[in-house]
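# Coordinate analysis (summary)
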Amino acid sequence: MPKSLNHKVRVSIVFIFLVCVNVSELKSQDTVESYKPLERYDFDKGGYELIFLPYAGRNGDTAFFTTDISVLNELKEGWEFDSEAVQYPFACNDGHDLLLLFNGFVQDQFSIRNRCQAFIDGDTYWHLPEFSAALIPELLPVIRREKMYSAIDEARSVLRLAKTDSSVLFIEPADWESFEGYFFFQFPNPNKSGKAPFIPWENINADVQSQLDQEYLEVPFQMRMVSYGYGKNYPNIIFKVTANKDLFDNFKIFPIIESGWFPLKPKLIYYKKL
């Protein structure tokens, strides 16, 4: 074989090899590892319930549930996703929110949005071509109960009864079960200017939480950041505290917003079998 031809053959082989490697790398980058949301749960031991709740409590949709081990295992095997869905957060306002319970306690939460063809786990949207809870055999209907109460004591009494009712599948968590109301306080905003050095908002939240924990060591409360930003409109960060009124009356660590104390309005929402 002439040297020039031999050289061309070698170059061609190297080129083909590099193309194959690059194509392989592209394929591996495009491939999304399959996801099975129920894979880690052992439904055979019993005690599990899967509840399908209409998104945002839409009254026109039906709620369902199942405790059937065979149905749960069917979903466990059938729900396997290998591609992410396009996210349309403002259009995905249908479908169901899913609660997986074990012995009455929430183990996991997912969402299904039919219009967007998405199975949602946290911030990840998985492509779901077609789904309807009503099409799965052995799903049973659930009644949604919702009621406002004028007094917390009355609401708590009804809540205690609901917890002893074996037909009740799930009770939405209610802050009024433990607390009486809420108030707001302000904290100087170290990031007001927007210039470096920048302190992450979660670090500020953790620091304020730590100061409150130390100051009110044995007092139950919940705290979260509700307003923050940059510029002249954000000289302070605003926090919301949900607690009993005793804490509000004795709160001195940071300035309380002038709007003062807000009693909680108890609303009880729960789901029960027909």
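Residues numbered from 1 in each chain as written. Predicted model: local features only at pLDDT ≥ 70, side-chain atom pairs only at ≥ 80, totals over all residues. Heavy atoms only, no water.

What follows covers the sheet that holds strand β8 (residues 168-171). If you trace the nine strands from one edge of the open sheet to the other, you get β6-β5-β4-β3-β1-β2-β7-β13-β8, paired in antiparallel fashion. One side of each edge strand has no neighbouring strand; the edge strands of this open sheet are β6 (124-127) and β8. When strand polarity is set aside, the average angle formed by the axes of neighbouring strands in this sheet is 25 degrees. Across seven bridges, strand β1 (residues 48-54) lies against strand β3 (residues 96-102) in antiparallel orientation. Pairing of Phe-52 across the sheet is with Leu-98, part of β3. Packed onto the sheet, helix α2 (residues 69-78) meets β1 and β2 (63-66) and runs at close to 70 degrees relative to β1. (Pairing = 2+ DSSP bridges. Helix = DSSP H or I, 4+ residues; strand = E, 2+ residues; numbered from the N terminus. Axes fitted to C-alpha atoms, helices over the stretch in contact; angles between N-to-C directions. Contact = heavy atoms within 4.5 Å.)

A complete count under the given rule lists 25 aromatic pairs for this structure. Seen from their ring centres, Phe-185 and Phe-254 are 5.3 Å apart, and the 15 degrees between their planes marks the pair as stacked. With a gap of 69 residues between them, Phe-185 in strand β9 (residues 181-188) and Phe-254 in the loop between α5 (245-249) and β12 (262-263) connect regions that are remote in the sequence. Per residue, the accessibility class of Phe-185 equals that of Phe-254, and both read buried. A centroid spacing of 5.5 Å and a plane angle of 40 degrees characterise the contact between Phe-248 and Trp-261, whose relative ring orientation is tilted. A residue pair is termed long-range when its members are at least 10 positions apart, and Phe-248 in helix α5 and Trp-261 in the loop between α5 and β12 qualify at 13 residues. For Phe-248, a relative accessible area of 16% translates into the label buried. Taken together through their ring pairs, the aromatic side chains of Phe-183, Phe-185, Phe-187, Tyr-216, Phe-239, Phe-248, Phe-251, Phe-254 and Trp-261 make up a single cluster. The cationic tip of Lys-45 hangs over the ring face of Phe-102; the distance from NZ or CZ to the ring centre is 5.0 Å. Positioned above the aromatic ring of Tyr-182, the side-chain terminus of Lys-240 is 4.2 Å from the ring centre. (Phe/Tyr/Trp six-rings, centres within 6.5 Å; stacked < 30°, edge-to-face > 60°. Buried < 20%, exposed > 50% of the residue type's maximum accessible area, 1.4 Å probe, protein only. Lys NZ or Arg CZ within 6 Å of the ring centre and 35° of its normal.)

These figures capture arrangement, not role.
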